[in-house]
Amino acid sequence: MKKFAFVGAGKMASAIVSGMIKSGAVRPWDVECVSGADSTGADLARNTGISHTAKIENINAETVVLACKPQQLAEVAQSIGQKRMDLVISILAGTTISKLRERFPNAGKIVRVMPNMAALISKGISCFAPETELEPDQEKTVETVLKAIGKVIKCPEAQLDAVTALSGSGPGYVFEFAAALIEAGKELGFDNETAKELSIQTILGSAMLLEKDERSPEELRDAVCSPGGTTLAALEVFKASNFRKTVKDALFAAEKRSKELSRL
Ligand SMILES: NC(=O)C1=CN([C@@H]2O[C@H](COP(=O)(O)OP(=O)(O)OC[C@H]3O[C@@H](n4cnc5c(N)ncnc54)[C@H](O)[C@@H]3O)[C@@H](O)[C@H]2O)C=CC1
Ligand SMILES: O=C(O)[C@@H]1CCC=N1
């Protein structure tokens, strides 16, 4: 029996498995994966040294990590829903613990998690909500998975849709902002490589400063602004196009979508 089975071997499963193995939290031979009708399972096994099972019914592990799309859960549950498993960890956006319990009636304990894509370099942040209090060894297992990919916060399940909107989807917003900086940089006359380097280093340096400095984002923003200067000229444009409201509306749309996914 394996320690972990990943059901779904796509982008997030790959990020988590890579993080777990690179950090030494688990050894490749303790992990197996299964995917749908694509090459992701075989690819993940080849890239990390874990095993790949072609038939989902054949998975056999103490902890099953559900990492398929919410839309694929019904099919997965049809194949393995009745199996006995000590622990089921789900990273599916929206899918509630009660829905998971319906689908996996024989699971010992269910934990709902929202990680993010920075897991790929162990710089993610994950929030998790257990169905009920975990046994110490189950708590340790959840930490083994999540600490290998970044920071971990325990929260009530009711907060997980908002977590999804902020930190789960958040890397997508930052990447879009980076793409917008690069596009604008090129229109200012830089070649792609230079625009990319200037943009990425600006985001990286600013994020690290935010983490290390005691000042708030607003105070740091103000420290960049000289009276009558260039930054204020740019921020006026943000303000005129309602930047903060756009961000707020976007996060509420993501939260709403997470709640809709719970009804699949
Ligand atoms: N991509 C992201 O940044 C984040 C994704 N998530 C959640 O992670 C989950 C996976 O997302 P991604 O990795 O982006 O998706 P993906 O599309 O890259 O991977 C989906 C995986 O599920 C597999 N699959 C499909 N049908 C299957 C079946 N019947 N049995 C077993 N495996 C099956 C696919 O073959 C693939 O390996 C989603 O539920 C999503 O809500 C959570 C946080 C962040
Ligand atoms: O877009 C999605 O639905 C998933 C959940 C959070 C990030 N990606």
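Every value quoted in this text rests on a predicted model; they were computed, and no experiment measured them. (Residues numbered from 1 in each chain as written. Chains lettered and ligands numbered in written order. Predicted model: local features only at pLDDT ≥ 70, side-chain atom pairs only at ≥ 80, totals over all residues. Heavy atoms only, no water.)

1. What about the sheet that holds strand β3 (residues 51-52)?
Within the open sheet, the eight strands sit side by side as β3-β2-β1-β4-β5-β6-β7-β8. Their pairing is mixed. Two strands in the sheet have a free side with no partner beyond their single neighbour: β3 and β8 (150-154). Relative to strand β6 (residues 107-114), strand β5 (residues 85-90) is paired through five bridges, and the arrangement is parallel. Each residue of the ladder has a partner; that of L87, found in β6, is K109. (Pairing = 2+ DSSP bridges. Helix = DSSP H or I, 4+ residues; strand = E, 2+ residues; numbered from the N terminus.)

2. Here's the deal with the site of ligand 1
Among the 25 residues in the neighbourhood of ligand 1, the closest are listed as M12, G36, D38, T40 and C68. Measuring from an oxygen atom of ligand 1, one finds a backbone N or O atom of G10 at 3.1 Å. Within the residue set of the shell around ligand 1, elements represented by two or more residues are α1 (11-22) and α3 (73-80). Considered class by class, the residues forming the shell around ligand 1 number 15 nonpolar, six polar and four charged. (Near = heavy atom within 4 Å. Polar contact = N/O pair within 3.5 Å; in protein donor to acceptor, adjacent residues only side chain to side chain. Nonpolar A, V, L, I, M, F, W, Y, C, P; charged D, E, K, R; others polar.)

3. Topic: the packing of helix α6 (residues 160-168) against helix α11 (residues 243-261)
Two elements in contact, α6 and α11, have axes whose closest approach is 8 Å; the angle formed by their N-to-C orientations is 135 degrees. The orientation of α6 relative to α11 falls into the category oblique. Considering the relative orientation of α6 and α11, their crossing is right-handed. Along the contact surface, α6 presents D161, A162, T164, A165 and L166, while α11 presents L251, A254, E255, S258 and K259. Taken together, the residues that form the contact of α6 with α11 break down as five nonpolar, two polar and three charged. (Axes fitted to C-alpha atoms, helices over the stretch in contact; angles between N-to-C directions. Parallel < 35°, antiparallel > 145°, perpendicular 65-115°, else oblique. Left-handed = near helix turned anticlockwise from the far one by under 90°. Contact = heavy atoms within 4.5 Å.)

4. What about the UniProt feature "domain: Pyrroline-5-carboxylate reductase dimerisation" (unreviewed entry) in the protein?
Mapped onto the present numbering, the UniProt feature "domain: Pyrroline-5-carboxylate reductase dimerisation" (unreviewed entry) falls at residues 157-261. Segment residues 157-261 splits into 82% helix and 0% strand. End C-alpha atoms: 15 Å apart. (UniProt positions renumbered as here; feature names shortened; annotations may be inferred.)

5. Observations concerning the environment of L210
Along the chain, the position of L210 falls in helix α8 (residues 192-212). Judged by relative accessible area, L210 falls into the partly exposed class, the value being 44%. For the pair L210 and T194, spaced 16 residues apart in sequence, the C-alpha to C-alpha distance is 24 Å. Apart from residues no more than four positions distant in its own chain, L210 is found in contact with P217 and L220. (Buried < 20%, exposed > 50% of the residue type's maximum accessible area, 1.4 Å probe, protein only.)

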